[in-house]
Amino acid sequence: MTRRVVLAAAAASLSFATPSFAEEAVDSIHFLIPGGAGGGWDGTARGTGEALTKAGLVGSASYENMSGGGGGKAIGYLIENADSNHGTLMVNSTPIVIRSLTGVFPQNFRDLTLVAGTIGDYAALVVPADSSVKDVNGLIDAFKADPAGTAIGGGSVPGGMDHLVAAMVFQAAGADPVAMKYVPYDGGGKTMAGLLSGEVQAVSTGFSEAVELAKAGEVRIIGVTAPERVDAYPDAATMVEQGNDTTFVNWRGFFAAPGLPADKLAAYQAAIAKMYDTPEWEEVRARNGWVNIHNPGDDFRVFLEGQEQTIGDLMKKLGFL
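Nothing here was measured: the structure is a model prediction, and the numbers come from that model.

Asks: Would you mind going over the overall build of the protein with me for this structure?
Replies: From N to C terminus, the protein includes 10 helices and 10 strands. Relative to its length of 321 residues, the protein is compact, with a C-alpha radius of gyration of 19 Å against a globular reference of 20 Å. Principal axes of the C-alpha set define a box for the protein whose edges measure 60 × 40 × 35 Å. The 321 residues of the protein split such that 56% are buried. Long-range contacts, defined as pairs at least 24 residues apart, comprise 80% of the intrachain contacts of the protein with a sequence gap of at least 6. Looking at the protein as shown, the accessible area adds up to about 12,100 Å², and 50% of this sits on carbon and sulfur atoms. The centroid of the 22 positive side-chain charges in the protein is displaced by 4 Å from the centroid of its 36 negative side-chain charges.

Shown next, in the form of structure tokens:
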């Protein structure tokens, strides 16, 4: 039975160069980030804001990290303070689906205004550069030899996306995903710190989060969940080419407060749509190894409903629900 799972989608980011658009579509955006610094949400929001402003599509951007409750604190804040947050966009990704299914928080994507899915980021398993583990099969062998001594870290709660991806890889290799020791951290920065300090032996994370550390020689990417090697870091072998039939892409995208006026929603969606044609966006997208997946408005809703069904079925099979 195949264990290939492809969950597509979105978020956004950008950078440098002469502004591509002379007239701003939006005066300002305040980006609400539901996790800590250094993670995929943080990088997506800050990259998106940088590119939108440098491309001349948005006048200014500000950022706020609001960790807590597996992302639920930020979602609750946006809903409870909806009327005073029409200038705010909250970044999120696959975990908003996973965590609502598992009851980490009571809300789900239907309680927010859906702006757009914007990018996808592949997942990766990573070890320290000096680790004796050279590839994903070496990690599985280490786990089978010493399950309790082979901990996997991730920037999500138990049963969350990083946990789920690692479990899919282990299941595809014939290892017991339920027996896998998973250690949760608050965001990608703390996850990598845990890896480099030896608290965990490997990390399940977003590919884009791992690339810069790999380029700096601090970590080794032992497998990426792309169907083919990614141009942003072609040294990283795919799971598939190592005989592990796991593919996965985590969408990232943006949500607004419930009741957002239609003209504000249209302005945000227009700015994001124009962003894809700018060199500022292409530079950041390529640097991070993201995949363009643009799902505005109703298309975003249809996509999320489909993913909710797919993930729910998978989590039941893996014993997380």
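Asks: Whenever I open this one, the packing of aromatic side chains confuses me. Can you help?
Replies: What describes a pair of aromatic rings is the distance from one ring centre to the other and the angle between the planes of the rings. Following the criterion strictly, the structure yields 9 aromatic pairs and no others. With a centroid separation of 5.6 Å and an interplanar angle of 15°, the aromatic rings of Phe31 and Tyr63 are classed as stacked. Placement of Phe31 in strand β1 (residues 26-33) and of Tyr63 in strand β2 (residues 58-65) is noted, with a sequence separation of 32 residues between them. Residue Tyr63 is classed as partly exposed on the basis of its relative accessible area, which comes to 27%. Cluster of aromatic residues (ring-pair linked, three or more members): Trp251, Phe255, Phe300 and Phe303.

Asks: Is there a simple way to think about the packing of helix α5 (residues 161-172) against helix α10 (residues 297-318) in this case?
Replies: Two measures define how a pair of helices packs: the angle their axes make with one another and the distance between the axes. Two numbers describe how α5 lies on α10: the axes approach to 11 Å, and their chain directions differ by 60°. On the basis of their axis angle, the class for α5 and α10 is oblique. For the pair α5 and α10, the crossing hand works out as left-handed. On α10, the residues that touch Leu164, Ala167, Met168 and Gln171 of α5 are Ile311, Leu314, Met315 and Leu318. Grouping the constituent residues of the contact of α5 with α10 by class yields 7 nonpolar, 1 polar and no charged.

Asks: Help me out: how do you make sense of the environment of Ala45 in this one?
Replies: Here Ala45 lies in helix α1 (residues 40-54). The spatial distance from the C-alpha of Ala45 to the C-alpha of Tyr182 is 27 Å, given a sequence separation of 137 residues.

Asks: Whenever I open this one, the pattern of salt bridges confuses me. Can you help?
Replies: In total, this model carries 8 salt bridges according to the counting rule given. Across the pair Arg252 and Asp121 runs a salt bridge, and its minimum N-O distance is 2.9 Å. Pair noted here: Arg252 is in strand β9 (residues 249-256) and Asp121 is in strand β4 (residues 113-128), with a separation of 131 residues, a long-range link. You'll find Arg252 and Asp121 in the same group, each marked buried. A single salt-bridge network, built from bridges that share partners, covers Asp121, Glu209 and Arg252.

Asks: Is there a simple way to explain α10 in this structure?
Replies: Spanning 22 residues, α10 covers 31 Å between terminal C-alpha atoms, matching the ideal 32 Å at 1.5 Å per step. Among all positions in α10, only Gly297, Phe300, Phe303, Leu304, Gln307, Glu308, Ile311, Gly312, Leu314, Met315 and Leu318 are buried. Buried residues in α10 make contact with α3 (95-101), β4, α5, β9, α8 (262-275) and β10 (291-296). Directly beyond the C-terminal end of α10, a positive phi value near 85° is found at Gly319.

Asks: Would you mind going over the pairing of strand β5 (residues 151-154) with me for this structure?
Replies: Strand residues, when the strand is regular, have side chains that alternate between the two faces of the sheet. Side-chain alternation along β5 places Ala151 and Gly153 on one buried face and Ile152 and Gly154 on a second face that is also buried. As paired strands, β5 and strand β6 (residues 181-184) are joined by 4 bridges and run parallel to one another. Bridge pairing links Gly153 to Val183 in β6. Note on the crossover from β5 through α5 to β6: the handedness is right-handed. Note that β5 and strand β7 (residues 202-206) share 3 bridges and pair parallel. Bridge pairing links Gly154 to Ser204 in β7.

What counts, and at which threshold
Residues numbered from 1 in each chain as written. Predicted model: local features only at pLDDT ≥ 70, side-chain atom pairs only at ≥ 80, totals over all residues. Heavy atoms only, no water. Helix = DSSP H or I, 4+ residues; strand = E, 2+ residues; numbered from the N terminus. Rg over C-alpha atoms; globule rule 2.2 N^0.38 Å. Buried < 20%, exposed > 50% of the residue type's maximum accessible area, 1.4 Å probe, protein only. Contact = heavy atoms within 4.5 Å. Areas by Shrake-Rupley, 256 points an atom, 1.4 Å probe, with all protein chains shown as cover. Lys, Arg positive; Asp, Glu negative; His and termini not counted. Charge placed at Lys NZ, Arg CZ, Asp CG, Glu CD. Phe/Tyr/Trp six-rings, centres within 6.5 Å; stacked < 30°, edge-to-face > 60°. Axes fitted to C-alpha atoms, helices over the stretch in contact; angles between N-to-C directions. Parallel < 35°, antiparallel > 145°, perpendicular 65-115°, else oblique. Left-handed = near helix turned anticlockwise from the far one by under 90°. Nonpolar A, V, L, I, M, F, W, Y, C, P; charged D, E, K, R; others polar. Salt bridge = Lys/Arg side-chain N within 4 Å of Asp/Glu carboxyl O. Expected span 1.5 Å × (residues − 1). Pairing = 2+ DSSP bridges. Right-handed = clockwise from strand over helix to strand, strands pointing away.

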